[in-house]
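Structural overview for review
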Amino acid sequence: MLKSLHTTIQNLRPDSKKIQQKSPKWTLFSMAIALLISIPILTVVFSIFTPAGEIWSHLAETVLSDYIQNSLLLISGVTFGVILVGVSSAWLITMCEFPGRRFFEWASILPFAIPAYLMAYIYTDFLDITGPFQTTIRNLFGLGIDTYSFPNIRSIEGAILIMSLSFYPYVYMLARSSFLSQSTNLLEASRIMGYSTWQSFFRVALPVARPGIAAGLALALMETLNDFGTVQYFGVQTFTTGIYRTWFGLGERPAAAQLAAFLLSFIVVLLILERWSRNRISDEKSNSARFKRLNRFDLGGLKAWTAFTACFLPVLLGFILPVILLLEMFFSNLNYLDFKFLELALNSFTVSAITGILAVTLALVMAYSARLNPTKSVKLFNRISSLGYAIPGSVIAVGVLIPFGLFDNTIDAFFRDKLGFSTGLLLSGTMFAMVFAYLVRFLSVSFGGVEASMEKITPNMDEAARGMGYTFGKVLRRIHIPMMSGGLLTAGLLVFVDVMKELPATLIVRPFNFDTLAVQVYRYASDERLAESAGAALMIVLVGIIPVIIISRTIAKSRKSETQ
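Residues numbered from 1 in each chain as written. Predicted model: local features only at pLDDT ≥ 70, side-chain atom pairs only at ≥ 80, totals over all residues. Heavy atoms only, no water.

With respect to the overall build of the protein
Within the protein one finds 24 helices and two strands. Counting over 564 residues, the protein shows a buried share of 56%. Carbon and sulfur atoms make up 64% of the accessible area of the protein, which amounts to about 24,500 Å² in all. (Helix = DSSP H or I, 4+ residues; strand = E, 2+ residues; numbered from the N terminus. Buried < 20%, exposed > 50% of the residue type's maximum accessible area, 1.4 Å probe, protein only. Areas by Shrake-Rupley, 256 points an atom, 1.4 Å probe, with all protein chains shown as cover.)

Topic: a nonpolar patch on the surface
Nonpolar side chains collect at one region of the surface, where Leu42, Val45, Phe46, Ile48 and Phe49 lie side by side and expose about 520 Å² of accessible area between them. Residue position: Phe46 is located in helix H2 (residues 24-46). The exposed category is assigned to Phe46, whose relative accessible area is 51%. (Patch = residues over 30% accessible without salt bridge, like charges linked within 9 Å, V, L, I, M, F, W, Y side chains within 5 Å. Salt bridge = Lys/Arg side-chain N within 4 Å of Asp/Glu carboxyl O.)

Some words on H2
Between the first and last C-alpha of H2 there are 31 Å, a value that for 23 residues agrees with the 33 Å anticipated at 1.5 Å per step. Of all the bends in H2, the greatest, near 40°, is centred on Ile39, and the proline Pro40 appears no more than four residues after it. The complete set of buried residues in H2 reads Trp26, Thr27, Ser30, Ile33, Ala34, Ile37, Ser38, Pro40, Ile41, Thr43 and Val44. (Expected span 1.5 Å × (residues − 1). Bend = angle between axes of the 7 residues up to and from the residue.)

Overview of the packing of aromatic side chains
Taken as a whole, this structure holds 23 aromatic pairs when the rule is applied. On the basis of an interplanar angle of 50° and a centroid distance of 5.7 Å, the ring pair of Phe133 and Phe150 is categorised as tilted. In this pair, Phe133 is assigned in helix H7 (residues 132-141) and Phe150 in the loop between H7 and helix H8 (156-180), connecting sequence segments 17 residues apart. Since its relative accessible area comes to 31%, Phe133 is described here as partly exposed. Phe150 sits in the partly exposed class, given a relative accessible area of 35%. On the basis of an interplanar angle of 70° and a centroid distance of 5.3 Å, the ring pair of Phe349 and Phe496 is categorised as edge-to-face. Placement of Phe349 in helix H15 (residues 341-372) and of Phe496 in helix H21 (residues 485-501) is noted, with a sequence separation of 147 residues between them. (Phe/Tyr/Trp six-rings, centres within 6.5 Å; stacked < 30°, edge-to-face > 60°.)

Side note on the pattern of salt bridges
As enumerated under the stated definition, the model contains eight salt bridges in all. The salt bridge involving Glu105 is made with Arg101; its shortest N-O contact spans 2.5 Å. One end of the pair is Glu105 and the other is Arg101, both in helix H5 (residues 101-107) and four residues apart, which spans about a single turn. The class of Arg101 is buried, set by a relative accessible area of 2%. Bridged by salt links that share partners, the residues Glu97, Arg101, Glu105 and Arg176 form one connected network.

Comments concerning helix H17 (residues 393-418)
Along an α-helix, residues three or four apart share an orientation, since each turn contains 3.6 residues. Between its first and last C-alpha, H17 extends 37 Å over 26 residues, near the 38 Å set by a 1.5 Å rise per residue. Once H17 finishes, Gly420 follows within two positions and takes phi at roughly 80°, a positive value.

A few points about the confidence of the model for the protein
Across the protein, the average pLDDT comes to 80, with 85% of residues at 70 or higher. With pLDDT under 50 throughout, residues 1-20 is counted as low confidence; its partners more than four residues away or in other chains account for 55 contacts. Counting interchain partners and residues more than four positions distant, the pLDDT-below-50 stretch residues 282-291 has 23 contacts. (pLDDT = per-residue confidence, 0-100. Contact = heavy atoms within 4.5 Å.)

Quick word on unusual backbone geometry
The phi angle at Asn513 is positive, at roughly 65°, despite the residue not being glycine. Residue position: Asn513 is located in the loop between helix H22 (504-509) and helix H23 (517-526).

Brief notes about the side chain of Thr224
By secondary structure assignment, the location of Thr224 is in helix H10 (residues 197-226). By relative accessible area, which is 3% here, Thr224 ends up buried. For Thr224, the contacting residues outside a window of four places in its chain are Leu74, Val78, Met163 and Phe167.

Let's talk about the nonpolar core
Considering soluble globular proteins, one finds that nonpolar side chains tend to be buried as a cluster. Core analysis: the largest hydrophobic core is formed by 175 residues, its most contacted members being Trp91, Phe98, Tyr121 and Phe179. At 15 residues, the largest contribution of residues to this core is made by H8. The residues contacting Phe98, other than those within four sequence positions of it, are Leu92, Ile93, Phe104, Ala304, Ala307, Phe308 and Cys311. (Core = buried A, V, L, I, M, F, W, Y, C linked by side-chain atoms within 4.5 Å.)

Quick word on the environment of Ala452
As for its position among the elements, Ala452 is in helix H18 (residues 431-455). Placed 85 residues apart in sequence, Ala452 and Ala367 show a C-alpha to C-alpha distance of 9.0 Å.

Remarks on the packing of helix H6 (residues 116-127) against helix H14 (residues 301-332)
In the contact formed by H6 and H14, the axes pass within 10 Å of each other and the chain directions differ by 70°. Between H6 and H14, the crossing angle belongs to the class labelled roughly perpendicular. Handedness of the crossing formed by H6 with H14: left-handed. Together, Met119, Ile122, Tyr123, Asp125 and Phe126 of H6 and Leu317, Gly318, Leu321, Pro322, Leu325, Leu326 and Met329 of H14 make up the contact between the two elements. A breakdown of the residues in the contact of H6 with H14 according to their chemical character gives ten nonpolar, one polar and one charged. (Axes fitted to C-alpha atoms, helices over the stretch in contact; angles between N-to-C directions. Parallel < 35°, antiparallel > 145°, perpendicular 65-115°, else oblique. Left-handed = near helix turned anticlockwise from the far one by under 90°. Nonpolar A, V, L, I, M, F, W, Y, C, P; charged D, E, K, R; others polar.)

Overview of the environment of Tyr524
Take Tyr524: it is sitting in helix H23. The buried category is assigned to Tyr524, whose relative accessible area is 12%. Considering only alpha carbons, one finds Tyr524 and Ala534, ten residues apart in sequence, at a separation of 9.6 Å.

Focus: the state of the cysteines
All told, the structure shown has zero disulfides when counted by the stated rule. No disulfide involves Cys96; its sulfur sits 8.7 Å from that of Cys311, the nearest cysteine. (Disulfide = S-S within 2.5 Å.)

Below you can see the structure in the form of structure tokens.
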């Protein structure tokens, strides 16, 4: 995600020449990281050739068609929802002047702070037949429970609504960045031709911004396919729920791996779309004359308040209302709250901090290797290492546990035969497996931020340090790390927050009796005891606000003169 965002919204790149000196050792580091990160993905891919017995035939005859159909319906519905909300909000906020525009510039990203599964739990409690909303309606109009019908939020339509509210910021951010980077000459020409606000949007701005919108859509759909908590709670059968059920319910690991491989084919299409969109964005940015102050369309009267409503509703439904409901739930049920969430918060903070530190360290090695040796092979290794964010957590979890289990069984069998004792599980079901799965999933997040920060350091500084006798490692320690401290901290925080919210991989890989905040929220919500997990849910939301602040500041700086 961050790689795409930085590629889209960073406008300044040093034009200095590349460093000419080579360091094969750093290239080997990048290759080793790529090999490690690719293990889970390759495991899932090669599982296609593993015999799964009759269970695969059973899945194909009974539920596979439901998985495909529901996944396609989710993709179609979320596509419509995130484009409608994200693109319209981005255009209005970027190109129009109306009450509250400055507030919506950053507030439209706030739904990022609430994971989709948590939003699903909150709205189910709110809209349930015994919940506050329907109770209020019945009291106001004197209705009985059997005298009216109300749409069921726990359905595929409800899942589409929840995911659209949760994932539209992807499209909003990249669409807004595309609108900001467009040539003002085109927009001024549309004004001279007498185009209205929406005519300029449809005939001029939208076609040019299409690659950015497609990139944001690809990211939103990747998250849709990755979701487990929402679809499982709503009873919608998708590949993620099928993988979990096949692995733990049926105990069929080969079949679960093959379901993961099937899901991976959906992701490959989205990756191709995202890569194509990123290349198109780079081409357009280099040919745009865009650094002029934007003359926004000044909306007044009904149009101004219509624009306000269009931007306010997604923020209200995607952040403000869920937070209010969560706070009310927390303070109204203090006597029933499970304060074990403080212990679970420590677990979450521990694995998140460890993963964040390791992810930044590995990303620093990858970025520095590409700086020293800007060859096609190094770029390929770094690209392989960055694939994980596009892969659903459930797929990565399966890809981690299968080779780890094979390793554990091999070592255990050897010690049993040679020394007469069992080594037990060395990797499977350990914190090491958890952290490794998180690294595979989120290394690309840290790499995008670290790479963008390193690109801002002119190569001349490296050459001067080398002339003073500094080794490559000393240049990194003495020059790059101090100058990149802000970027490194940002990258680490983004990984930290993503790990805090991750649910599918955590459920499958976590050690026995080791729970996190996300797992507790899922467990209590599944037992219809959401009020008891309100403390853990609030902790996740508060931590989730961190990337919102970082991303909103980044976008604001991308074209400062136009946001004034």
